[in-house]
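Okay, here's what each chain looks like letter by letter:
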Amino acid sequence: SNDEGIIVANDADAERCLELLPLITRKAQHPGTAVILGSATKFPAQFGPDGQQALFDRVICDVPCSGDGTMRKRPEMWEDWDSNYALSLHHKQVSILSKGLCLLKPGGRLVYSTCSLNPIENEAVVLAVLNRFGKDIGILARGSEGLDELVSRGLKQGPGLTTWKVPNPSANGDFCSSWEATEEGQRRPKGLLEKTMFPDQGQDSGVTEDLKRCIRLMPHDIDGSGFFVTVFEKFHHREPAKLLLEEKQPSSNIPRALPWRARNAKNRYEVLTGDTEELLALKAFYGLQELPSPLLAEYNVKGRLTQLNLINDALLKFLQCKLNNKASPLLVAVGVPLFKIMNEQFMTNIDVPSRWRPALEGCSVLGPRMTKRCLRLDLPAFQTLLATRLLPMAQLRQMEESKSMTGLDSCEDLLGGCVVGLFDGSFWAPCIITGLGLELYGSLEELGEPRPRLLTPPRATLIQEGAGYVALDKPSGLRTEDALKQLRLTHGEAELVSRLDKGTSGCLIVASNKEGAACLTEQFASQKVAKTYFALVWGRVASDEGSIQAALSLTQTGGKSRYRAYIDNDLGKPSETQWKVLARGDQTTLVSASPLTGRTHQIRCHFAHIGHPLVGDSKYGGAPAAYARRLPLHCAALVGLDAE
């Protein structure tokens with residue numbers, strides 16, 4: 001935590017913040033990272049105890065845009081493209097860029113970028129802030145230091161435009177001759193047009209010439225998507241009004257709590273200022289003389305302490321600044337996770353001295369400091385652990401005798417978390433010693449690769465179309481509702497008659513008209529549709545086939561995964577799943593499952609009930625696996641009658 005640099009990532013999209021951005025920043029293993037969910041236009045000004053505003057050395061404004069520069073790789077965009085989309089974004093883009101410049105320190109640089117080639121989103125936005133900030137800012141020349149290296153490597157750059165036309169939002173294909181010629185109803189706030197969209201905003205010719213310093217990357221020049229980039233320099237800073245600082249700051253009844261909001265009142269971050277009883281037990285169990293500091297305690301949405309995060313002094317100072325607004329954005333992720341509480345469904349019937357386990361991101365920090373529960377493996381043994389996720393208990397002593405492992409005695413024959421590293425300390429991983437042996441442990445978010453949510457979203461493909469129905473192949477990661485939305489572009493009357501979980505792939509039947517909907521709904525309700533799924537479950541299933549009959553009820557868990565099924569023989573709905581074994585491995589079994597009823601999460605809950613949860617299905621106790629980057633559940637076949 002001696003590195004005083006910090007990186008703050010802010011995004012208004014909740015899914016990117018809660019999943020992708022924390023994963024990327026935590027993989028960097030830097031204690032000065034924070035992820036914030038909120039509108040960039042409302043990012044608060046911050047002031048330290050001395051009253052000085054906290055400013056950034058570098059700012060990147062990668063603003064929301066129409067994305068028309070990506071049409072080369074995403075031709076489906078033409079279906080929905082409309083020139084008014086760019087007009088609707090212009091005001092937000094100007095606001096975000098202005099906010100970024102307000103947060104930049106003198107001498108700092110800001111990069112404004114879009115994946116659009118529309119001047120309304122590019123040069124018009126740049127021109128608006130040049131007129132607004134005047135001589136406080138400037139545009140870095142395209143051949144300046146830091147940009148010339150890209151040119152020397154062959155990157156073709158085009159200059160920014162100095163003149164352009166503004167589409168008339170009321171007439172398709174027509175343009176507005178000037179701001180003065182526009183009608184009152186076309187102007188904001190009633191309409192889409194703003195004066196800052198027009199190339200003539202009353203500026204002098206020098207400002208217009210500055211637009212040539214902008215960078216246009218054309219698709220045909222770089223053999224890719226089109227981009228617009230402008231690099232700003234700041235020369236002078238004007239501090240915002242400090243009226244809110246004089247007011248009474250919102251008080252908190254939580255000691256050491258940060259002024260930033262989290263997802264609800266119970267979800268919060270607290271600065272750890274001393275050794276609690278829990279921390280002393282943690283240090284003793286893992287043989288830690290001292291924990292790295294500063295540390296933030298992270299409480300989940302239920303108010304339960306679940307994680308300890310390492311930050312650096314600069315980030316702590318940043319997070320403790322007073323905020324120049326009444327309600328901050330949401331603090332989603334911060335620092336490097338060092339320890340996490342084990343899953344509530346893992347090793348619940350075993351007396352474990354400490355339910356804290358090392359987090360993947362913090363292993364390289366903890367490993368060299370731990371005098372207990374720190375194992376070292378040679379490369380072949382480590383490769384075996386990563387491939388199988390388990391080194392059986394019987395092999396551990398043999399490995400130590402053969403000197404392919406060291407440190408086993410430091411675990412004192414106690415079950416619980418540990419860290420495992422290569423002999424040279426170049427790679428570390430979190431593990432847990434269980435009754436089975438040494439198991440690689442980590443959540444899917446820790447061990448999985450980032451899913452490309454910023455790229456083209458997954459799409460369902462057509463399998464077959466018949467009388468009153470369409471059969472789609474739904475990929476894992478696509479919601480059923482989104483598959484329906486895609487289908488309605490070609491089948492306007494399409495209706496859902498069944499669903500697949502977001503993580504489940506395979507055959508999805510959608511009614512293509514009202515007659516088909518009535519026919520299929522009746523068949524699903526009366527259990528006349530034969531369904532076959534393939535699933536990969538933990539453990540070697542003993543019998544070759546069988547039937548699971550256990551009534552199911554649903555509970556709302558809140559958060560991202562709203563529902564969870566559970567066995568309820570008193571009040572639950574009757575549920576039955578027939579299954580057959582297709583193949584057995586050393587630790588897993590591939591089964592085909594035919595749910596005779598259609599309850600939510602039926603297959604997942606039923607197999608967890610018999611002690612064989614699906615691989616990676618953390619909701620129902622399934623441990624993750626490096627080879628299972630998604631839920632291994634696939635709908636292979638649906639058999640029913642069409643509307644004829």
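The structure displayed is predicted, hence computed values, not measured ones.

1. Comments concerning the sheet that holds strand 23 (residues 428-433)
The strand order across the open sheet built from six strands is 20-24-23-22-19-21, with neighbouring strands paired in mixed fashion. The sheet is open, and its two borders are formed by strand 20 (390-392) and strand 21 (405-406), each paired with just one other strand. For strand 20 and strand 24 (residues 437-440), the ladder comprises three bridges, and the chain directions are antiparallel. Bridging from a neighbouring strand, Leu390 pairs with Glu439 of strand 24. Along the sheet, helix 12 (residues 393-401) makes contact with strand 19 (374-377), strand 20, strand 21, strand 23 and strand 24, crossing strand 20 at roughly 80°.

2. With respect to helix 16 (residues 602-609)
Helix 16 sits mainly inside the fold: six of its eight residues count as buried. One or two residues past the end of helix 16 sits Gly611, with phi positive at roughly 90°.

3. Looking at the side chain of Glu123
As for its placement among the helices and strands, Glu123 is situated in helix 3 (residues 123-133). Since its relative accessible area comes to 0%, Glu123 is described here as buried. In this structure the side chain of Glu123 is engaged in a polar contact, spanning 2.9 Å, whose partner is the backbone nitrogen of Leu161. Contact partners of Glu123, with chain neighbours within four places excluded, come to Gly160, Leu161, Trp164, Leu211, Arg216 and Phe228.

4. Looking at the nonpolar core
Residues Leu101, Leu110, Tyr112, Val126, Phe232 and Leu319 are the most contacted members of the largest nonpolar core, which totals 52 residues. In terms of residues, this core owes the most to one element, helix 3, which gives eight residues. Not counting the four nearest positions on each side in its chain, Phe232 is found in contact with Leu97, Leu101, Gly108, Arg109, Leu110, Tyr112, Val126, Val129, Leu130, Ile137, Gly138 and Ile139. If you look at the next biggest cluster of nonpolar residues, it comprises 36 residues, including Val529, Ala593, Ile603 and Cys635.

5. Section: helix 2 (residues 83-102)
Counted at 1.5 Å a residue, the expected span for helix 2 with its 20 residues is 28 Å, and the 30 Å between its end C-alpha atoms agrees. The axis of helix 2 is deflected most strongly, by about 35°, at His90. Looking only at helix 2, the buried set comprises Ala86, Leu87, Leu89, His90, Gln93, Val94, Ile96, Leu97, Ser98, Gly100 and Leu101. Elements that come into contact with the buried residues of helix 2 comprise strand 4 (56-62), strand 5 (104-114), helix 3, strand 6 (137-139), strand 8 (166-167) and strand 11 (227-234).

6. Focus on the environment of Ala525
Relative to the helices and strands, Ala525 resides in helix 15 (residues 514-525). Given the relative accessible area of 64%, Ala525 is considered exposed. Sequence-wise, Ala525 and Val497 are 28 residues apart; in three dimensions their C-alpha atoms are separated by 9.5 Å.

7. Quick word on the pattern of salt bridges
The final tally for this structure, using the stated rule, is 18 salt bridges. Taking the shortest distance from any N to any O, the salt bridge between Lys212 and Glu209 comes out at 3.1 Å. Judged by relative accessible area, which is 39%, Lys212 ranks as partly exposed. Of the residues examined, Glu209 reaches a relative accessible area of 43% and is grouped as partly exposed. Across the pair Asp501 and Arg604 runs a salt bridge, and its minimum N-O distance is 3.1 Å.

8. Observations concerning the sheet that holds strand 16 (residues 330-334)
Here we have three strands laid out as an open sheet, ordered 1-2-16, and mixed in their pairing. Two strands bound the open sheet, and with one partner strand each, they are strand 1 (7-11) and strand 16. Between one strand and the next, the sheet's axes are offset by a mean angle of 25°, whatever the strand orientation.

9. Quick notes on unusual backbone geometry
Pro189 follows Arg188 through a cis peptide bond whose omega is 10°. The topology assignment puts Pro189 in the loop between strand 9 (175-176) and helix 5 (205-210). In this structure, the amide linkage connecting Ser293 to the following residue, Pro294, adopts the cis form with an omega of 0°. Along the polypeptide, Pro294 turns up in the loop between helix 8 (277-286) and strand 13 (295-299). Its identity is not glycine, yet Lys403 carries a phi of approximately 65°, on the positive side. Among the structural elements, Lys403 can be located in the loop between helix 12 and strand 21. The phi dihedral of His601 is positive, around 60°, even though this residue is not glycine. Among the structural elements, His601 can be located in the loop between strand 34 (588-595) and helix 16.

10. Some details on the side chain of Ser113
Locating Ser113 in the fold gives a position in strand 5. Relative accessible area serves as the criterion here: at 14%, Ser113 is assigned to the buried category. Excluding its chain neighbours within four sequence positions, the residues that come into contact with Ser113 are Cys61, Asp62, Val63, Phe228 and Val229.

11. Focus: a nonpolar patch on the surface
Judged by side-chain polarity, Phe534, Leu582 and Leu590 come together as a nonpolar surface patch covering roughly 240 Å² of accessible area. As for its position among the elements, Leu582 is in strand 33 (residues 576-584). Under the relative-accessibility criterion, Leu582 is labelled partly exposed at 45%.

12. What about the packing of aromatic side chains?
Under the criterion given, the structure shown has nine aromatic pairs. Every member of this aromatic cluster is reached through a ring pair, and the members are Phe43, Phe56, Trp260 and Phe318. Over the ring of Tyr299 we find Arg268; its NZ or CZ atom is 4.0 Å from the centre of that ring.

13. Description of the pairing of strand 14 (residues 305-310)
Within strand 14, six of the six residues are buried, which leaves the element mostly enclosed by the surrounding structure. Pairing of strand 13 with strand 14, which is carried by five bridges, proceeds in the antiparallel orientation. Bridge pairing links Leu295 to Leu310 in strand 14. Connecting strand 13 to the antiparallel partner strand 14 that follows it, the hairpin turn spans five residues, and Gly303 within it adopts a positive phi of roughly 80°. Here strand 14 runs beside strand 17 (residues 336-341); their pairing, made up of four bridges, is antiparallel.

14. Brief notes about the environment of Lys212
Within the secondary structure layout, Lys212 lies in the loop between helix 5 and strand 10 (215-217). With 51 residues separating them along the chain, Lys212 and Leu161 place their C-alpha atoms 6.3 Å apart.

15. Some thoughts on the environment of Asn267
Tracing the backbone through its elements, the reader meets Asn267 in the loop between helix 7 (243-246) and strand 12 (268-272). For Asn267, a relative accessible area of 3% puts it in the buried group. Considered as a pair, Asn267 and Leu305 are 38 residues apart in the sequence and their alpha carbons are 9.2 Å apart. The residues contacting Asn267, other than those within four sequence positions of it, are Ala262, Tyr299, Asn300 and Val301. Among the polar contacts made by the side chain of Asn267, one reaches the main-chain carbonyl oxygen of Tyr299 at a distance of 2.5 Å.

About the cut-offs
Residues numbered from 1 in each chain as written. Predicted model: local features only at pLDDT ≥ 70, side-chain atom pairs only at ≥ 80, totals over all residues. Heavy atoms only, no water. Pairing = 2+ DSSP bridges. Helix = DSSP H or I, 4+ residues; strand = E, 2+ residues; numbered from the N terminus. Contact = heavy atoms within 4.5 Å. Axes fitted to C-alpha atoms, helices over the stretch in contact; angles between N-to-C directions. Buried < 20%, exposed > 50% of the residue type's maximum accessible area, 1.4 Å probe, protein only. Polar contact = N/O pair within 3.5 Å; in protein donor to acceptor, adjacent residues only side chain to side chain. Core = buried A, V, L, I, M, F, W, Y, C linked by side-chain atoms within 4.5 Å. Expected span 1.5 Å × (residues − 1). Bend = angle between axes of the 7 residues up to and from the residue. Salt bridge = Lys/Arg side-chain N within 4 Å of Asp/Glu carboxyl O. Patch = residues over 30% accessible without salt bridge, like charges linked within 9 Å, V, L, I, M, F, W, Y side chains within 5 Å. Areas by Shrake-Rupley, 256 points an atom, 1.4 Å probe, with all protein chains shown as cover. Phe/Tyr/Trp six-rings, centres within 6.5 Å; stacked < 30°, edge-to-face > 60°. Lys NZ or Arg CZ within 6 Å of the ring centre and 35° of its normal.

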